[in-house]
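Read off the chains here:
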Amino acid sequence: MTRLARLLSLSAVALGLAAFQDPNGRYTIDFPEGWTDMGDQGQGIHQVKAPEAVANALCNAQSPDMPGLVGMTQEAINAEMSQPMDTAGWANILGVADVSLVTVEKAEAREIDGKYQQVATLVLKAGTFAPVDMKAHMGVWVLPGHLVNAGCYSTMEDYDKVKDSFEKTVGSSRPL
């Protein structure tokens, strides 16, 4: 399934969260309870979809290998990740070559258990992953050898309906 198809298979909010552990043992995340588990979407992306009655939304997580980080220590990574990532950094994480398609509305670097989670609310312009503007709440952990990515996406008009659930879900991701 293409990235565009994954984002278009949207549909939002539950108050509870359901724990998920990556089968490769790299991370945990609490996906919204009551959302439909779509399973592995390829490239290790695990996805859930919101109930159709509430809003157009989905959340996913993955932990891709990053060979360029293999030789780095967590301390060296922390020195670079202790400040919020800029737009170019988020575009890179998303694999978006045209930085003008990504707008960072809010970004922060959260220190948790001796590591930094980069968290941001982003606007992804039409043509990035879908034919319409999307809003996303994203989190990434940069670790020696790999990342842990968590993201929740919605249409612009439905974002406020799922915002709290998105923040809880992304904030719950933890590397193992």
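Thresholds, definitions, all that
- Residues numbered from 1 in each chain as written.
- Predicted model: local features only at pLDDT ≥ 70, side-chain atom pairs only at ≥ 80, totals over all residues.
- Heavy atoms only, no water.
- Helix = DSSP H or I, 4+ residues; strand = E, 2+ residues; numbered from the N terminus.
- Polar contact = N/O pair within 3.5 Å; in protein donor to acceptor, adjacent residues only side chain to side chain.
- Contact = heavy atoms within 4.5 Å.
- Buried < 20%, exposed > 50% of the residue type's maximum accessible area, 1.4 Å probe, protein only.
- Phe/Tyr/Trp six-rings, centres within 6.5 Å; stacked < 30°, edge-to-face > 60°.
- Disulfide = S-S within 2.5 Å.

Lay out the side chain of Gln62 in plain terms, naming residues and giving numbers.
Positionally, Gln62 belongs in strand β5 (residues 57-62). Separated by 2.9 Å, the side chain of Gln62 and the backbone oxygen of Gln43 make a polar contact. Setting aside anything within four residues of it in sequence, one finds Gln62 in contact with Tyr27, Gln43, Gly44, Ile45, Leu147, Val148 and Asn149.

Can you tell me about the environment of Asp37, naming the residues and giving the values?
Tracing the sequence through the fold places Asp37 in strand β3 (residues 36-40). Asp37 gets classed as partly exposed once you look at its relative accessible area, which sits at 48%. Residues Asp37 and Gln47 lie 10 residues apart in sequence; the distance between their C-alpha atoms is 6.3 Å. Asp37 has contacts with His46, Gln47 and Val48, leaving out every residue within four places of it along the chain. Here the side chain of Asp37 touches Gly39 through a polar contact of 2.7 Å, landing on its backbone nitrogen.

Hey, could you go over the packing of aromatic side chains for me, with residue numbers and the actual values?
What the rule picks out here adds up to 3 aromatic pairs. A ring pair is formed by Phe20 and Tyr27, whose centres lie 6.2 Å apart and whose planes are at 45°; its orientation type is tilted. Each member of the pair, Phe20 as well as Tyr27, is classed as buried. Between Tyr159 and Phe166 the ring centres are 5.7 Å apart and the planes differ by 70°, which places this aromatic pair in the edge-to-face class. Per residue, the accessibility class of Tyr159 equals that of Phe166, and both read buried. Taken together, Phe20, Tyr27 and Phe31 form an aromatic cluster joined through their ring pairs.

Now, about the state of the cysteines: what can you tell me, with residues and values included?
Per the counting criterion, the structure on display carries 1 disulfide. What pairs with Cys59 in a disulfide is Cys152, and their sulfur atoms sit 2.1 Å apart. Residues Cys59 and Cys152 are joined by a disulfide whose S-S torsion is about 110°; by sign, that bridge is right-handed. Of the two residues, Cys59 sits in strand β5 while Cys152 sits in strand β9 (residues 146-155), which places them 93 residues apart along the sequence. With respect to burial, Cys59 and Cys152 carry one shared label: buried.

Keep in mind that these numbers describe shape and distance, not what the molecule does.
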